[in-house]
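Secondary and tertiary structure notes
Take a look at the letters that make up each chain.
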Amino acid sequence: MRMIWAALLAAASATVLGCPMAAAQDDDPVVFEEQGKASFYGAELKGRKTASGERFDPNALTAAHPTLPLGSSVTVINPGNGKEVEVEVNDRGPGADDRSIDLSRRAASQLGITRAGVAEVRIEATKQQVEQAIDVPADLRTVQRQLDLARRAAAADGTPQPRRVALEPPDSP
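Keep in mind that this is a model prediction, so the values were computed, not measured.

The helix and strand tally for the chain stands at four helices and six strands. Mapped in sequence order, the helices and strands of the chain form the string α-β-β-β-β-β-α-β-α-α. When the accessible surface of the chain is split by element, carbon and sulfur atoms take 49% of a total near 9400 Å².

Sheet topology places strand β2 (residues 62-64) next to strand β4 (residues 83-91); three bridges connect them, and they run parallel. Counted as the bridge partner of Ala64 is Asp91 from β4. Strand direction decides the pairing type here: strand β3 (residues 73-78) and β4, joined by six bridges, are antiparallel. Considered in β4, the bridge of Thr75 is made with Glu86. What sits between the antiparallel neighbours β3 and β4 is a turn of four residues, in which Gly82 has the positive phi angle 80°.

With that settled, the discussion passes to the pattern of salt bridges. Two side chains that carry opposite charge are able to pair once their charged atoms sit near each other. Enumeration according to the criterion identifies four salt bridges in this entry. Arg122 is the salt-bridge partner of Glu33, the closest N and O atoms lying 3.5 Å from each other. Here Glu33, found in strand β1 (residues 30-40), pairs with Arg122, found in strand β6 (residues 119-126); they are 89 residues apart in sequence, far enough to count as distant. Judged by its relative accessible area of 18%, Glu33 falls in the buried class. Residue Arg122 is classed as partly exposed on the basis of its relative accessible area of 26%. We note a salt bridge from Glu124 to Arg122, for which the minimum N-O separation is 2.8 Å. Using a relative accessible area of 16% as the deciding quantity, one classes Glu124 as buried. Linked through salt bridges whose partners overlap, the residues forming this network are Glu33, Arg122 and Glu124.

Calculation notes
- Think of each chain on its own: its residues are numbered from 1, step by step along the sequence as written.
- Local features in this predicted model are restricted to residues whose pLDDT is 70 or higher, and side-chain atom pairs enter the listing and the counts only when it is 80 or higher, whereas totals over whole chains, interfaces and linings include all residues.
- Processing note: side-chain calculations cover all non-hydrogen atoms of the structure and skip hydrogens and water entirely.
- Secondary structure elements follow DSSP: runs of H or I of four or more residues count as helices, runs of E of two or more count as strands, with numbering from the N terminus.
- Accessible surface area values rest on a Shrake-Rupley calculation with a 1.4 Å probe, where residue burial reflects the displayed protein chains alone.
- At least two bridges found by DSSP between two strands are what make those strands a pair.
- We count a salt bridge whenever a side-chain nitrogen from Lys or Arg sits within 4 Å of a carboxyl oxygen from Asp or Glu.
- Burial status follows relative accessibility: with a 1.4 Å probe on protein chains alone, a residue under 20% of its type maximum counts as buried, one over 50% as exposed, and anything between as partly exposed.

In structure tokens form, the structure reads like this:
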């Protein structure tokens, strides 16, 4: 059963990422990248439901993004100080049009942006981080659509996207 699930996940990744099959140089390549501004949720939102159904916890490492698949993890990097944090996308947002991502207070603190409130950041998702969002094969179309929307939105903002990476084909039965 484990081999079947591994094969399904490998096939799902190829479908989600829309990649041709070729030799991969990196076991966990970046498949999504966006540059923009990050801010953080106010304390008044503590306990409110997020788009994923979870309650917002300012002490969790979570974020709101307009298009990335809910449940996926992303790495947010503050190029101003070199700090980075991995967060789970569990909500939609941010509420401000000029922002790319809203972070929990803890995530913003780890990036060193709580004093300024807003900072330029780079958002990256690796193949493994995106795969985390795929719970069952029925989610594939939704995840693929959300990732494609995220790529288009980032491209429309002028953020260059990393080249699509090749994934190994699933083992034959």
